[in-house]
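Commentary on secondary and tertiary structure
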Amino acid sequence: MAAGPVSERNQDATIYVGGLDEKVNEALLWELFVQAGPVVNVHMPKDRVTMQHQGYGFVEFLGEDDADYSIKIMNMIKLFGKPVRVNKASAHQKNLDVGANIFIGNLDPEVDEKLLYDTFSAFGVILTTPKIQRDPETGNSKGFAFINYASFEASDAAIEAMNGQYLCNRAIAISYAFKKDSKGERHGSAAERLLAAQNPLSQADRPHQLFADAPPVPLPSITPVPPPPGMMGGYMPPPPVPPPGGMPPLPPGPPGSHPMPPMPPPPPSNRPPMPPGRGFPGGMPPPPGSWMPPPPGMAPHGAWRPPPPGWGPPPPPRPPSSQPPMPPGPPPR
């Protein structure tokens, strides 16, 4: 499984795997990364005296897409309790360190390297595995860590967005870390930013933060439709009032069309007029077909009707009686 000469490798399809435990070997790396794609070879440089690997290795895939996919799914996974760093094995990776190193304090003991990487990689490319300072005997976190970004734009965005935010129920404090070779001087100075702006490699490796699979599709332009003639400012004039007893005139047609002939007047009606007191409110005429004549033998409403057959005149009043009235009876005892 050892690789051939470096010049014969496909550098675009080769990844770098760092932070490996001493119990990791080439067979284990092969079995791990073959889940992401077909692996061509695996190489772990070893010390010539102790014959132990130096904590990193290289995995070459069949294609560049397989290498990119393995970086997305295998980065920061833990092997024997240690998170591994997976990225492209480019020769200029060490030249990307521009000094965008930030300090993260007040960390919860439950925060590990993978949580830091997943949280802060949204702001830009992280060059090395986040370094959480741990106790060498117990392995417990000391409560602070360092993250090295590939650009000052990413570190500035991380400080602005995450300083004072809660991570595992603790408000973290973020600032630029102190330089190792200087006393009291922090990273992020104007001189470092000027050198980073002149580094062409840092400009070429900026991350894609749009989180989209395809470029946005431009929306079709919509041409506003002008209002019709006679309509100004969105106000439509009311239609003309129709003449009494006639139909309203039709609106004019579009230019070039034949005008419609006027409607003929309605024919005269032979129906009798409505009696007074009956009709529609406001003196409006009834609609056609709404008035029905009474059936034969029935007078209109409000007229005198003759009595039915067999009914005579009322009897004459009875004459007054000529008999004397009855005498009153004896009083009660």
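This text gives an overview of the structure that appears in the document. Note that this is a predicted model, so its numbers are computed, not measured. (Residues numbered from 1 in each chain as written. Predicted model: local features only at pLDDT ≥ 70, side-chain atom pairs only at ≥ 80, totals over all residues. Heavy atoms only, no water.)

Observations regarding the overall build of the chain
Counting its secondary structure elements, the chain contains 6 helices and 10 strands. A burial count over the chain gives 27% of its 333 residues as buried. Nonlocal contacts in the chain, meaning residues at least 24 apart in sequence, comprise 60% of its contacts between residues at least 6 apart. Summed over all atoms, the accessible surface of the chain reaches about 24700 Å², with 62% contributed by carbon and sulfur. (Helix = DSSP H or I, 4+ residues; strand = E, 2+ residues; numbered from the N terminus. Buried < 20%, exposed > 50% of the residue type's maximum accessible area, 1.4 Å probe, protein only. Contact = heavy atoms within 4.5 Å. Areas by Shrake-Rupley, 256 points an atom, 1.4 Å probe, with all protein chains shown as cover.)

What to know about unusual backbone geometry
Backbone geometry at Cys168 places phi at a positive 55°, although glycine is not the residue there. Along the chain, Cys168 turns up in the loop between α4 (152-162) and β10 (173-176). Given the relative accessible area of 27%, Cys168 is considered partly exposed. Phi angles above zero are rare outside glycine, and Asn169 is one such case at about 70°. Topologically, Asn169 is positioned in the loop between α4 and β10. The exposure class of Asn169 is exposed, given its relative accessible area of 75%.

A look at the sheet that holds strand β3 (residues 56-61)
Strand pairing within a sheet occurs via backbone hydrogen bonds; the two strands may be parallel or antiparallel. An order of β2-β3-β1-β6 is seen for the 4 strands of this open sheet, with the pairing classed as antiparallel. The open sheet terminates on both sides in strands that have one partner only, identified here as β2 (39-43) and β6 (85-88). The mean inter-strand angle of the sheet, taken between neighbouring strand axes irrespective of direction, is 20°. Sheet analysis places strand β1 (residues 14-18) next to β3, joined by 5 bridges and oriented antiparallel. Of the residues in β3, the one forming a bridge with Gly18 is Tyr56. Taken strand by strand, helix α2 (residues 64-74) contacts β1, β3 and β6, and its axis lies near 150° from that of β6. (Pairing = 2+ DSSP bridges. Axes fitted to C-alpha atoms, helices over the stretch in contact; angles between N-to-C directions.)

Details of the packing of aromatic side chains
According to the stated counting rule, one finds 8 aromatic pairs in the structure shown. Here the aromatic rings of Tyr16 and Tyr56 are separated by 5.8 Å at their centres, their planes lie at 35°, and the arrangement is tilted. Taken together, the residues span a long stretch of sequence, with Tyr16 in strand β1 and Tyr56 in strand β3 at a distance of 40 residues. Counting every residue linked through ring pairs, the aromatic cluster contains Tyr16, Tyr56 and Phe58. Across the ring face of Phe178, the terminal group of Arg186 is positioned such that the distance to the ring centre comes to 3.9 Å. (Phe/Tyr/Trp six-rings, centres within 6.5 Å; stacked < 30°, edge-to-face > 60°. Lys NZ or Arg CZ within 6 Å of the ring centre and 35° of its normal.)

A look at the environment of Ala13
By the secondary structure assignment, Ala13 is in the segment before β1. Accessibility expressed as a relative area gives 0% for Ala13, which makes it buried. If we skip the residues at most four places from it in the chain, Ala13 touches Val59, Glu60, Phe61, Gly63, Glu64 and Ala67.

Let's talk about the sheet that holds strand β8 (residues 131-134)
A sheet is described by the order of its strands in space; here 4 strands give the open sequence β8-β9-β7-β10, paired in antiparallel fashion. For this open sheet the edge positions go to β8 and β10, each flanked by a neighbour on one side alone. Averaged over all pairs of adjacent strands, the angle between their axes in this sheet comes to 25°, without regard to strand direction. Note that β8 and strand β9 (residues 141-149) share 3 bridges and pair antiparallel. Residue pairing in the sheet places Arg134 in a bridge with Ser141 of β9. Sitting on the sheet, helix α3 (residues 113-120) is in contact with β7 (100-105), β8, β9 and β10, with an inclination near 40° to β9.

Description of the nonpolar core
The tendency in soluble globular proteins is for nonpolar side chains to be buried side by side. Counting residues in each nonpolar core, the largest one holds 26 residues, and the members touching the most others are Ile102, Ile104, Leu116, Phe120 and Tyr149. Listed by contribution, the elements that provide at least two residues to this core are β7, α3, β9, α4 and β10. It is α4 that contributes the most residues to this core, 5 residues altogether. In this structure, Ile102 is in contact with Ala145, Phe146, Ile147, Tyr149, Ser155, Ala158, Ile159, Ile174, Ser175, Tyr176 and Ala177, ignoring residues within four places of it in sequence. Of all hydrophobic cores here, the second largest spans 18 residues; its members include Val17, Leu20, Phe33 and Val86. (Core = buried A, V, L, I, M, F, W, Y, C linked by side-chain atoms within 4.5 Å.)

Here we look at the pairing of β3
For β2 and β3, the ladder comprises 4 bridges, and the chain directions are antiparallel. Bridge pairing in β3 places Asn41 opposite Glu60.

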